[in-house]
Amino acid sequence: MGLPWYRVHTVILNHPGRLISVHIMHTYLVAGWASSMSFYELAVFDPSDPVLNPMWRQGMFVIPFMTRLGITNSWGGWSITGGTIANPGIWSYKGVAGAHIVFSGLCFLAAIWHWVYWNLEIFCDERTRKPSLDLPKIFGIHSFLSGLACFGFGSFHVTGLYGPGIWVSDPYGLTGKVQSVTPAWGVEGFDPFVSGGIASHHITAGTLGILAGLFHLSVRPLQRLYKGLRMDNIETILFSSIAAVFFAAFVVAGTMWYGSTTTPIELFGPTRYQWDQGYFQQEIYRRVGAGLAENKVYQKLAGSMDSVDGIAVGWLGHPIFRDKEGVTVEFYGSKLNGVSYSHPATVKKYARRAQLGENFELDRATLKSDGVFRSSPRGWFTFGHASFALLFFFGHIWHGARTLFRDVFSGIDPDLDAQIEFGTFQKIGDPTTRRQVV
C-alpha cells in the first residue's frame with residue numbers, strides 16, 4: 001500500500017541530500033514565478049504617463065516591488081519617473097527579471113543533481129557513517145547567513161553606501177524617488193512612516209542574526225533542552241520555521257493595508273483609510289484655499305483601476321457645490337477652471353464622481369473598462385498574505401503538537417524501545433515470556 005498524499009514528504013526524512021533538493025526546487029519555483037510575472041507585466045505596462053496612469057492603476061504587482069528597491073529604468077529607454085534614459089545599466093527592470101530566470105534555471109538543475117546524488121559523504125555522521133542532520137548546527141548556519149544578508153541590505157543597499165537606496169516619498173505621494181536613507185537610531189526609528197527605521201532595523205536584526213548564528217555554531221544545546229524541545233526531530237524545524245513565515249506574513253499584510261514607508265502610495269496606490277478619513281481631501285481644501293489649485297496632488301489621485309474607470313486623460317478641476325436657488329457646481333483649476341454648471345443632470349454626474357475622489361476625464365474605450373470594481377495590488381497583496389499567514393499559523397500549531405506530543409499521537413512512549421524489544425517477548429514488558437529460538 002502506497003503512502004497517502006499528505007504523507008509523501010516522509011521520503012526525504014532520512015535523506016539530507018534530498019531535503020536540500022526540495023528546498024532548492026522551492027526556490028526555483030519562487031524565482032521562476034517572479035521572473036515570468038515581471039516579463040509579463042513589462043510587456044503590458046504603459047510608462048508614458050507616470051502621473052495620471054501610474055503602475056498601481058494598471059494593476060502591476062511585481063514592478064512596484066522592484067521600484068521600491070531602487071530599480072527605475074528599463075532597457076526600453078524609459079524611466080518610471082518619466083522621460084527617456086540613454087544608458088539604463090544592467091540592473092534595469094528586464095535585467096532583474098532576466099537575473100531571476102537564470103537563477104531559477106540554475107536552482108532547477110541543482111535540485112535535480114542533489115536528488116540524484118543524495119548520499120554524499122558530507123551528510124554522513126563521522127561516527128556512525130550513516131546519513132544524519134545536525135539540526136542545531138544547521139540552524140546556526142541559516143541564522144548566520146540570513147543575518148549577513150540582512151545586515152548587508154540595511155548597511156549598504158538602503159543607505160546607498162554600496163547600492164541605489166530605496167524609494168522614499170512624502171505623505172501625499174508627490175515627490176517620490178529613489179534615494180539613500182540615513183539610519184534612524186532614536187525612537188523615531190519605530191515610526192512605520194520613517195524610512196530611516198528600515199536601515200537601522202535591518203542593521204540591528206542582521207547583527208543579532210550573525211551573533212546568534214555564531215553562538216549556535218560554537219555552543220551545543222544542553223541534553224535536557226535538546227530532548228525537551230525535540231531538536232532531533234525534523235518536524236520541529238518545520239513547525240518553528242513556519243512560525244517565522246506566518247509572523248512575517250501578518251506583519252507585511254498590516255503594513256500594506258494600513259500603509260507605511262515600505263509601501264509608498266505612488267507604487268501601490270492609496271490605502272482605503274486615507275480615503276475614508278478624508279486625508280487627501282483635507283489637503284486639497286487647504287491648497288485650494290491657499291490658491292494652489294494647480295498642484296500635482298490632484299493628478300496623483302486619478303481615480304481607481306484602469307480596468308474599472310478607464311485611463312485618466314486629464315484632471316477636470318476641483319468641484320465646489322453650492323445650494324443657491326438650486327444646486328450648482330463650479331470648478332477650480334485645470335481644464336474646467338471657472339466653469340459652472342446648474343443643470344440637475346450635469347450636477348448629479350459630477351456629484352457622483354466627487355464621492356470617490358477628484359473628477360477626471362477618462363478613456364474607457366482603450367481597455368474596454370466596464371466600471372466593475374476590482375481590487376488594487378495593495379488589496380490583493382493584503383488578502384493573499386493574510387490568508388496564507390492564517391493557514392501557516394494553523395500549520396504551526398498542528399506540526400508543533402505533533403512534535404511535542406508525538407507519543408500521544410502514536411500511542412507509544414518514545415522511550416519504550418530502550419526498555420524492551422518489540423517482537424522478542426510474547427507479552428510486552430514481561431521479560432519471562434521471551435520467545436524461544438527454534
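Further up the page is the structure itself.
Novice: What is the right way to look at the overall build of the protein chain in this model?
Specialist: Within the protein chain one finds 15 helices and six strands. In the protein chain, buried positions account for 37% of the 438 residues. The contacts in the protein chain between residues at least 6 apart in sequence include a share of 60% that link residues at least 24 apart. When the accessible area of the protein chain is evaluated, it comes to approximately 26,300 Å², of which 64% is carbon and sulfur surface.

Novice: Help me understand the sheet that holds strand S6 (residues 359–363), please; the structure alone is not making it clear to me.
Specialist: In any sheet, the strands associate via hydrogen bonds between backbone groups, in a parallel or an antiparallel arrangement. Overall, antiparallel pairing links the four strands, which are arranged S5-S4-S3-S6 in an open sheet. With partners counted over all chains shown, the strands left at the sheet margins are strand S5 (340–341) and S6, one partner each. Two strands pair when backbone bridges link them, and strand S3 (residues 311–323) and S6 are joined in this way by five bridges, in the antiparallel orientation. Paired with Ala312 across the strands is Leu362, a residue of S6. Helix-sheet contacts for helix H13 (residues 344–354) involve S3, strand S4 (327–332), S5 and S6, and the interaxial angle to S3 is about 110°.

Novice: Explain the packing of aromatic side chains to me, please; I cannot follow it from the model alone.
Specialist: The relative placement of two aromatic rings is captured by the distance of their centres and the angle of their planes. Applying the stated criterion to the full structure yields 15 aromatic pairs. With a centroid separation of 6.2 Å and an interplanar angle of 35°, the aromatic rings of Phe61 and Phe381 are classed as tilted. Linking Phe61 in the loop between helix H1 (16–44) and helix H2 (63–68) with Phe381 in helix H14 (residues 377–404), this pair joins segments that are 320 residues apart in sequence. For Phe381, a relative accessible area of 8% corresponds to the buried category. Summarising the aromatic geometry, the rings of Trp113 and Tyr117 are spaced 5.1 Å apart at their centres and angled 35° between planes, so their arrangement reads as tilted. Taking the relative accessible area as the measure of exposure, Trp113 reaches 42% and is therefore partly exposed. Following the ring pairs from residue to residue traces out a cluster consisting of Phe61, Phe65, Phe268 and Phe381. Over the ring of Trp115 we find Arg18; its NZ or CZ atom is 4.6 Å from the centre of that ring.

Novice: I tried to follow the side chain of Ser104 on my own but got confused; where do I start?
Specialist: With respect to the helices and strands, Ser104 occurs in helix H3 (residues 93–116). When residues no more than four places from it in sequence are discounted, the contact partners of Ser104 are Tyr28, Ala31 and Gly32.

Novice: Help me out: how do you make sense of the nonpolar core in this one?
Specialist: Generally speaking, a soluble globular protein has its nonpolar side chains buried in company with each other. Phe45, Met55, Ile63, Met66, Trp78, Ile80 and Tyr93 are the most contacted members of the largest nonpolar core, which has 18 residues in total. If you list the elements that add at least two residues to this core, you get H2, H3 and helix H8 (265–268). A per-element tally of this core places H2 first, with three residues. Once you skip the residues sitting within four places of it in the chain, Met55 turns out to touch Phe45, Met60, Ile63, Pro64, Thr67, Ile80, Glu266 and Leu267.

Novice: Please clarify how the pattern of salt bridges should be interpreted in this entry.
Specialist: Pairing is possible between side chains that carry opposite charge, provided their charged atoms lie close to one another. Taken as a whole and assessed by the stated rule, the structure comprises four salt bridges. Taking the shortest distance from any N to any O, the salt bridge between Arg220 and Asp134 comes out at 3.0 Å. Placement of the pair is Arg220 in the loop between helix H5 (196–218) and helix H6 (223–228) and Asp134 in the loop between H3 and helix H4 (135–158), with a sequence separation of 86 residues. Of the residues examined, Arg220 reaches a relative accessible area of 47% and is grouped as partly exposed. One salt bridge in this structure joins Glu330 and Arg322, with 3.0 Å as the shortest N-O distance. By relative accessible area, Glu330 is classed as partly exposed at 23%.

Novice: Can you walk me through the environment of Ile112 in this structure?
Specialist: Relative to the assigned elements, Ile112 resides in helix H3. Ile112 gets classed as partly exposed once you look at its relative accessible area, which sits at 40%. Considering only alpha carbons, one finds Ile112 and Ile24, 88 residues apart in sequence, at a separation of 9.1 Å.

Novice: Help me out: how do you make sense of the packing of H4 against H5 in this one?
Specialist: Working note: a packed helix pair is described by the angle between its axes plus the distance between those axes. Closest axis-to-axis distance for the H4/H5 pair is 7 Å, and the angle between their directions is 155°. By the angle between their axes, H4 is roughly antiparallel relative to H5. Here H4 and H5 pass one another in a crossing that is left-handed. The residue inventory of the contact of H4 with H5, partitioned by class, reads 17 nonpolar, eleven polar and one charged.

Novice: Honestly, the side chain of Ser74 in this entry has me stumped. Any pointers?
Specialist: Residue placement: Ser74 occurs in the loop between H2 and H3. Side-chain polar atoms of Ser74 contact the backbone nitrogen of Gly76, separated by 3.0 Å. Ignoring anything within four residues of it in the chain, the contact list for Ser74 reads Pro88, Ser92 and Tyr93.

Novice: Help me understand unusual backbone geometry in this model?
Specialist: Among all residues save glycine, negative phi is the norm, and among peptide bonds the norm is trans. The residue Arg230 is not glycine, and still its phi comes out positive at about 55°. One can find Arg230 in the loop between H6 and helix H7 (234–258). The buried category is assigned to Arg230, whose relative accessible area is 17%.

Novice: Just checking my understanding: could you explain the packing of H7 against H14 for this structure?
Specialist: Direction vectors running N to C along H7 and H14 enclose 155°, while the axes themselves pass 8 Å from each other. In terms of axis orientation, H7 runs roughly antiparallel to H14. H14 is crossed by H7, and the crossing has left-handed handedness.

Novice: Help me understand the pairing of S4, please; the structure alone is not making it clear to me.
Specialist: Remember that side chains alternate between the two faces of the sheet whenever the strand is regular. Relative to S4, S3 is paired through six bridges, and the arrangement is antiparallel. Counted as the bridge partner of Pro319 is Phe331 from S4. Connecting the antiparallel pair S3 and S4 is a turn made up of three residues, with Glu325 showing a positive phi of about 55°.

Novice: Teacher, can you tell me more about the environment of Tyr341 here?
Specialist: Among the secondary structure elements, Tyr341 is positioned in strand S5. Between the alpha carbons of Tyr341 and Phe331 there is a distance of 9.0 Å; along the sequence they are ten residues apart. Sequence-distant contacts of Tyr341, defined by excluding residues within four places in its chain, comprise Val327, Thr328, Val329, Phe331, Leu336, Thr346, Val347 and Tyr350.

What counts and how
Residues numbered from 1 in each chain as written. Predicted model: local features only at pLDDT ≥ 70, side-chain atom pairs only at ≥ 80, totals over all residues. Heavy atoms only, no water. Helix = DSSP H or I, 4+ residues; strand = E, 2+ residues; numbered from the N terminus. Buried < 20%, exposed > 50% of the residue type's maximum accessible area, 1.4 Å probe, protein only. Contact = heavy atoms within 4.5 Å. Areas by Shrake-Rupley, 256 points an atom, 1.4 Å probe, with all protein chains shown as cover. Pairing = 2+ DSSP bridges. Axes fitted to C-alpha atoms, helices over the stretch in contact; angles between N-to-C directions. Phe/Tyr/Trp six-rings, centres within 6.5 Å; stacked < 30°, edge-to-face > 60°. Lys NZ or Arg CZ within 6 Å of the ring centre and 35° of its normal. Core = buried A, V, L, I, M, F, W, Y, C linked by side-chain atoms within 4.5 Å. Salt bridge = Lys/Arg side-chain N within 4 Å of Asp/Glu carboxyl O. Parallel < 35°, antiparallel > 145°, perpendicular 65-115°, else oblique. Left-handed = near helix turned anticlockwise from the far one by under 90°. Nonpolar A, V, L, I, M, F, W, Y, C, P; charged D, E, K, R; others polar. Polar contact = N/O pair within 3.5 Å; in protein donor to acceptor, adjacent residues only side chain to side chain.

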